Amino acid sequence: DAGITQSPRYKITETGRQVTLMCHQTWSHSYMFWYRQDLGHGLRLIYYSAAADITDKGEVPDGYVVSRSKTENFPLTLESATRSQTSVYFCASRTAPPTYEQYFGPGTRLTVT
Amino acid sequence: KNEVEQSPQNLTAQEGEFITINCSYSVGISALHWLQQHPGGGIVSLFMLSSGKKKHGRLIATINIQEKHSSLHITASHPRDSAVYICAVPGSQGNLIFGKGTKLSVKP
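Quantities reported herein were computed from a predicted structural model and do not represent experimental measurements.

Enquirer: Would you mind going over the pairing of strand β9 (residues 87-94) of chain A with me for this structure?
Expert: As a general feature of sheets, a regular strand has side chains that alternate between the two faces. Residue and element names in this part refer to chain A. Along β9, eight of the eight residues are buried, which leaves the element largely enclosed by surrounding structure. Here β9 shows two buried faces, one formed by Ser87, Tyr89, Cys91 and Ser93 and the other by Val88, Phe90, Ala92 and Arg94. Inspection of the sheet shows strand β4 (residues 31-38) paired to β9 by seven bridges, in the antiparallel sense. Of the residues in β9, the one forming a bridge with glutamine 37 is valine 88. Examined bridge by bridge, β9 and strand β10 (residues 102-104) share three bridges and lie antiparallel to one another. Looking across to β10, one finds that arginine 94 is bridged to glutamine 102.

Enquirer: Would you take a moment to explain the interface of chain B and chain A for this structure?
Expert: Think of interface size as the accessible area that goes away when the parts come together; that is how it is often given. Every contact between the two is made by 16 residues of chain B and, on the other side, 21 residues of chain A. Between chain B and chain A, the buried area comes to about 1500 Å², and carbon and sulfur atoms account for 56% of it. Broken down residue by residue, the surface that chain B buries against chain A is led by Ile43(B), Gln93(B) and Phe98(B), which jointly contribute 36%. At the boundary of chain B and chain A, one finds zero salt bridges. Linking chain B to chain A there are seven residue pairs in polar contact (both at pLDDT 80 or more). Elements represented by at least two residues in the side of chain B that touches chain A include exactly β4 (32-37), β5 (43-49) and β10 (96-98) of chain B.

Enquirer: It is not clear to me how the sheet that holds strand β3 (residues 19-25) of chain A should be interpreted in this structure. Could you clarify?
Expert: Think of a sheet as strands paired side by side through backbone hydrogen bonds, with each pair either parallel or antiparallel. Residue and element names in this part refer to chain A. As summarised here, the arrangement of the four strands in space is β1-β3-β8-β7, forming an open sheet in which the pairing is antiparallel. Here the strands that pair on one side only, and so sit at the sheet edges, are β1 (4-7) and β7 (64-66). Across the sheet, the mean angle separating the axes of adjacent strands is 20° when strand polarity is ignored. As judged from the three bridges shared by β3 and strand β8 (residues 76-78), these two strands associate in the antiparallel manner. Paired with valine 19 across the bridge in β8 is leucine 78.

Enquirer: Explanation requested: the side chain of Gln25(A) in the structure shown.
Expert: Residue and element names in this part refer to chain A. Structurally, glutamine 25 can be placed in strand β3. With relative accessibility at 1%, the residue glutamine 25 sits in the buried group. A polar contact of 3.2 Å, which involves the side chain of glutamine 25, links it to the backbone nitrogen of tryptophan 27. A polar side-chain atom of glutamine 25 sits 3.4 Å from the main-chain carbonyl oxygen of threonine 71. The contacts of glutamine 25, once residues within four sequence positions are left out, are Gly3, Ile4, Met32, Arg68, Thr71, Glu72 and Ser93.

Enquirer: Is there a simple way to think about the nonpolar core in this case?
Expert: For soluble globular proteins, nonpolar side chains are generally found buried alongside one another. Residues and elements named next belong to chain B. One finds Leu32, Trp34, Phe47, Leu72 and Tyr85 to be the most contacted residues of the largest nonpolar core, which totals 24 residues. Elements that contribute at least two residues to this core include exactly β3 (19-25), β4, β5, β7 (59-64), β8 (69-74), β9 (83-90) and β11 (102-107). Those residues in contact with phenylalanine 47, other than ones at most four positions away along the chain, are Leu32, His33, Trp34, Lys54, Lys55, His56, Leu59, Ile60, Ala61 and Leu72.

Enquirer: I keep staring at the sheet that holds strand β1 (residues 4-7) of chain B and nothing clicks. Help me out?
Expert: Residues and elements named next belong to chain B. Read from one edge to the other, the open sheet built from five strands follows the order β1-β3-β8-β7-β6, with strand pairing classed as antiparallel. What marks the edges here is a single partner per strand, and that holds for β1 and β6 (52-56). On average, adjacent strands in this sheet sit at an angle of 15° to one another, irrespective of strand direction. Pairing of β6 with β7, which is carried by five bridges, proceeds in the antiparallel orientation. Opposite glycine 52, over in β7, you have isoleucine 63 as the bridge partner.

Enquirer: Can you help me understand the pairing of β3(A) in this one?
Expert: All names here are of chain A. Because side chains alternate across β3, one face comprises the buried residues Val19, Leu21, Cys23 and Gln25, and the other comprises Thr20, Met22 and His24, none of which is buried. Sheet analysis places β1 next to β3, joined by four bridges and oriented antiparallel. The residue of β3 that forms the bridge with serine 7 is methionine 22.

Reading the values: the criteria
Here the residue numbering is sequential within each chain, running from 1 through the sequence in written order. Numbering of ligands from 1 and lettering of chains from A proceed in the order in which they are written. At least 70 in pLDDT is required for a residue's local features to be given in this predicted model, at least 80 for side-chain atom pairs to be given and counted, and no such filter applies to totals for whole chains, interfaces and linings, which use all residues. The side-chain quantities take in all heavy atoms of the structure and omit both hydrogens and water. For the exposure calls, accessible area comes from a 1.4 Å probe over protein chains only, and a residue counts as buried if that area is under 20% of its type's maximum, exposed if over 50%, partly exposed in between. Every helix listed is a DSSP run of H or I at least four residues long, and every strand listed is a run of E at least two residues long, numbered separately from the N terminus. Pairing between strands is defined by DSSP: at least two bridges between them are needed. Note on contacts: a residue pair is in contact if any heavy atoms of the two residues lie within 4.5 Å. When two components associate, each loses some accessible surface as probed by a 1.4 Å sphere; the sum of these losses over both components is called the buried area. Think of a salt bridge as a Lys or Arg side-chain nitrogen and an Asp or Glu carboxyl oxygen that are within 4 Å of each other. Definition of a polar contact: a pair of N or O atoms within 3.5 Å, with one able to donate and the other able to accept a hydrogen when the atoms are protein atoms, and with sequence-neighbouring residues admitted only if both atoms are side-chain atoms. Each axis is a line fitted through C-alpha atoms, and for a helix only the stretch in contact is used; angles between axes span 0 to 180 degrees, taken between their N-to-C directions. Here, nonpolar core means buried Ala, Val, Leu, Ile, Met, Phe, Trp, Tyr and Cys residues that are tied together by side-chain atoms lying within 4.5 Å of each other.

Right, dumping it as C-alpha coordinates:
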(Lines give C-alpha, C1' and ligand atoms only; values in the text may rest on other atoms or scores of the structure.)
Protein backbone atom coordinates (compact mmCIF):
# COMPACT_ATOMS: atom_id res chain seq x y z
CA ASP A 1 0.00 0.00 0.00
CA ALA A 2 1.20 3.46 -0.82
CA GLY A 3 1.54 5.95 1.97
CA ILE A 4 2.59 5.70 5.57
CA THR A 5 1.64 2.77 7.78
CA GLN A 6 2.06 1.99 11.45
CA SER A 7 1.96 -1.26 13.37
CA PRO A 8 0.55 -2.38 15.63
CA ARG A 9 -2.54 -0.16 15.67
CA TYR A 10 -3.31 -1.10 19.27
CA LYS A 11 -1.00 -2.42 21.96
CA ILE A 12 -1.38 -3.20 25.63
CA THR A 13 1.79 -3.88 27.55
CA GLU A 14 2.99 -4.06 31.12
CA THR A 15 5.24 -1.65 32.96
CA GLY A 16 8.89 -2.45 32.39
CA ARG A 17 8.48 -4.29 29.09
CA GLN A 18 10.20 -3.22 25.89
CA VAL A 19 7.87 -2.25 23.07
CA THR A 20 8.64 -1.35 19.47
CA LEU A 21 6.27 0.64 17.29
CA MET A 22 6.84 0.33 13.57
CA CYS A 23 6.51 2.98 10.89
CA HIS A 24 6.89 2.50 7.15
CA GLN A 25 6.54 5.00 4.30
CA THR A 26 6.57 4.36 0.57
CA TRP A 27 7.39 7.85 -0.70
CA SER A 28 11.13 7.93 0.14
CA HIS A 29 10.65 11.15 2.09
CA SER A 30 13.88 12.16 3.81
CA TYR A 31 12.29 13.52 6.97
CA MET A 32 10.34 11.34 9.38
CA PHE A 33 8.91 12.11 12.80
CA TRP A 34 7.43 10.48 15.85
CA TYR A 35 4.81 12.42 17.82
CA ARG A 36 2.74 11.51 20.82
CA GLN A 37 -0.74 12.86 21.40
CA ASP A 38 -2.07 13.36 24.90
CA LEU A 39 -5.12 15.16 26.25
CA GLY A 40 -4.22 18.65 27.31
CA HIS A 41 -0.89 18.61 25.46
CA GLY A 42 -1.75 18.08 21.86
CA LEU A 43 0.90 16.55 19.63
CA ARG A 44 4.50 16.66 20.79
CA LEU A 45 7.66 15.66 18.97
CA ILE A 46 9.54 12.68 20.40
CA TYR A 47 12.26 12.08 17.81
CA TYR A 48 12.89 12.97 14.21
CA SER A 49 15.13 11.83 11.40
CA ALA A 50 16.46 13.93 8.55
CA ALA A 51 17.70 10.91 6.55
CA ALA A 52 18.80 7.32 6.98
CA ASP A 53 21.23 7.02 9.92
CA ILE A 54 20.50 10.60 11.05
CA THR A 55 18.23 10.94 14.06
CA ASP A 56 17.80 13.52 16.81
CA LYS A 57 15.77 14.24 19.89
CA GLY A 58 12.60 16.25 19.94
CA GLU A 59 10.70 17.79 22.80
CA VAL A 60 9.95 14.64 24.83
CA PRO A 61 12.61 11.97 24.05
CA ASP A 62 13.18 10.44 27.49
CA GLY A 63 12.47 6.70 27.62
CA TYR A 64 12.43 6.30 23.83
CA VAL A 65 14.96 5.10 21.29
CA VAL A 66 14.80 5.31 17.50
CA SER A 67 16.77 3.98 14.58
CA ARG A 68 16.67 4.51 10.84
CA SER A 69 18.79 2.09 8.89
CA LYS A 70 16.57 2.40 5.80
CA THR A 71 14.85 5.51 4.45
CA GLU A 72 11.42 3.89 4.51
CA ASN A 73 11.42 2.60 8.10
CA PHE A 74 11.54 4.51 11.37
CA PRO A 75 10.84 2.30 14.41
CA LEU A 76 10.28 3.73 17.88
CA THR A 77 11.26 1.65 20.90
CA LEU A 78 10.17 2.13 24.47
CA GLU A 79 13.04 0.53 26.35
CA SER A 80 11.16 -0.02 29.62
CA ALA A 81 7.58 1.10 29.32
CA THR A 82 6.03 3.29 32.01
CA ARG A 83 2.40 4.26 32.58
CA SER A 84 3.21 7.84 31.58
CA GLN A 85 3.96 6.53 28.09
CA THR A 86 0.34 5.52 27.63
CA SER A 87 -0.57 7.62 24.62
CA VAL A 88 -1.42 7.66 20.95
CA TYR A 89 1.69 7.66 18.80
CA PHE A 90 1.79 9.10 15.30
CA CYS A 91 4.51 8.67 12.76
CA ALA A 92 4.80 11.27 9.99
CA SER A 93 6.91 12.00 6.97
CA ARG A 94 7.51 15.25 5.15
CA THR A 95 7.84 16.26 1.54
CA ALA A 96 10.87 18.17 0.30
CA PRO A 97 10.91 21.94 -0.25
CA PRO A 98 9.02 23.98 -1.22
CA THR A 99 5.85 22.22 -0.03
CA TYR A 100 6.98 20.89 3.38
CA GLU A 101 3.69 19.02 3.70
CA GLN A 102 3.50 16.39 6.43
CA TYR A 103 1.70 13.08 6.08
CA PHE A 104 0.64 11.13 9.13
CA GLY A 105 0.28 7.45 9.78
CA PRO A 106 -2.97 6.13 11.29
CA GLY A 107 -1.55 6.09 14.82
CA THR A 108 -0.81 3.45 17.43
CA ARG A 109 -2.80 3.48 20.65
CA LEU A 110 -0.50 2.21 23.40
CA THR A 111 -1.68 1.36 26.89
CA VAL A 112 0.87 0.57 29.60
CA THR A 113 -0.63 -1.20 32.60
CA LYS B 1 10.10 28.19 20.43
CA ASN B 2 6.91 29.11 18.69
CA GLU B 3 3.80 29.03 20.83
CA VAL B 4 0.55 28.16 19.06
CA GLU B 5 -2.78 29.07 20.62
CA GLN B 6 -6.16 27.99 19.33
CA SER B 7 -9.62 29.14 20.26
CA PRO B 8 -12.11 27.99 21.15
CA GLN B 9 -11.08 24.66 22.68
CA ASN B 10 -14.56 23.25 22.18
CA LEU B 11 -17.29 24.32 19.83
CA THR B 12 -20.83 23.04 19.38
CA ALA B 13 -22.85 24.21 16.41
CA GLN B 14 -26.13 23.45 14.73
CA GLU B 15 -26.10 22.07 11.24
CA GLY B 16 -25.91 24.86 8.70
CA GLU B 17 -24.12 27.35 10.92
CA PHE B 18 -21.02 29.27 9.90
CA ILE B 19 -18.04 28.26 12.04
CA THR B 20 -14.79 30.06 12.79
CA ILE B 21 -11.75 28.61 14.54
CA ASN B 22 -8.85 30.90 15.38
CA CYS B 23 -5.12 30.32 15.65
CA SER B 24 -2.36 32.65 16.77
CA TYR B 25 1.37 32.06 16.99
CA SER B 26 4.24 33.91 18.59
CA VAL B 27 7.08 33.78 16.06
CA GLY B 28 7.03 34.67 12.39
CA ILE B 29 6.63 31.71 10.04
CA SER B 30 6.82 30.82 6.37
CA ALA B 31 3.58 28.82 6.29
CA LEU B 32 0.82 27.57 8.55
CA HIS B 33 -1.00 24.23 8.46
CA TRP B 34 -4.56 23.30 9.29
CA LEU B 35 -5.19 19.64 10.04
CA GLN B 36 -8.30 17.57 10.75
CA GLN B 37 -8.64 14.57 13.02
CA HIS B 38 -11.87 12.58 13.18
CA PRO B 39 -12.72 10.69 16.40
CA GLY B 40 -10.46 7.68 16.69
CA GLY B 41 -9.00 8.56 13.34
CA GLY B 42 -5.82 9.69 11.76
CA ILE B 43 -4.67 13.19 10.99
CA VAL B 44 -5.09 14.69 7.55
CA SER B 45 -3.82 17.94 6.17
CA LEU B 46 -6.49 20.42 5.11
CA PHE B 47 -4.46 23.46 4.16
CA MET B 48 -0.96 24.83 4.07
CA LEU B 49 -0.91 28.56 3.50
CA SER B 50 1.62 31.32 3.63
CA SER B 51 -0.53 34.32 2.72
CA GLY B 52 -4.07 35.39 1.97
CA LYS B 53 -6.80 32.82 1.66
CA LYS B 54 -7.36 29.26 0.44
CA LYS B 55 -10.64 27.47 -0.16
CA HIS B 56 -11.54 23.78 -0.48
CA GLY B 57 -15.24 23.20 -0.81
CA ARG B 58 -16.92 24.58 2.31
CA LEU B 59 -13.64 25.15 4.13
CA ILE B 60 -11.83 28.47 3.96
CA ALA B 61 -8.51 29.29 5.61
CA THR B 62 -7.09 32.77 5.97
CA ILE B 63 -3.83 34.04 7.36
CA ASN B 64 -2.53 37.45 8.40
CA ILE B 65 1.25 37.15 8.60
CA GLN B 66 1.72 40.60 10.15
CA GLU B 67 -0.71 39.87 12.97
CA LYS B 68 0.48 36.24 13.35
CA HIS B 69 -3.09 34.99 13.12
CA SER B 70 -5.02 32.50 11.04
CA SER B 71 -8.66 31.46 10.89
CA LEU B 72 -10.42 28.38 9.61
CA HIS B 73 -14.00 28.88 8.50
CA ILE B 74 -16.59 26.22 7.70
CA THR B 75 -19.64 27.36 5.78
CA ALA B 76 -22.97 25.50 5.98
CA SER B 77 -21.61 23.13 8.62
CA HIS B 78 -22.66 19.47 8.58
CA PRO B 79 -22.48 16.72 11.21
CA ARG B 80 -19.72 15.06 9.20
CA ASP B 81 -17.56 18.13 9.90
CA SER B 82 -17.43 17.03 13.55
CA ALA B 83 -13.76 16.53 14.28
CA VAL B 84 -10.77 18.07 16.00
CA TYR B 85 -9.17 20.86 13.98
CA ILE B 86 -5.51 21.51 14.64
CA CYS B 87 -3.37 24.47 13.69
CA ALA B 88 0.37 23.91 13.27
CA VAL B 89 3.46 25.92 12.37
CA PRO B 90 6.95 24.82 11.29
CA GLY B 91 9.47 24.07 14.02
CA SER B 92 13.23 24.40 13.87
CA GLN B 93 13.75 20.65 13.43
CA GLY B 94 11.71 20.29 10.27
CA ASN B 95 8.77 19.25 12.42
CA LEU B 96 5.46 20.92 13.12
CA ILE B 97 4.49 22.62 16.38
CA PHE B 98 0.83 22.06 17.07
CA GLY B 99 -1.94 23.90 18.83
CA LYS B 100 -3.98 21.84 21.25
CA GLY B 101 -6.84 21.60 18.82
CA THR B 102 -10.46 22.69 18.64
CA LYS B 103 -13.06 19.99 19.11
CA LEU B 104 -16.03 20.73 16.86
CA SER B 105 -19.37 19.02 17.24
CA VAL B 106 -22.08 19.78 14.69
CA LYS B 107 -25.58 18.74 15.74
CA PRO B 108 -28.25 17.81 13.17
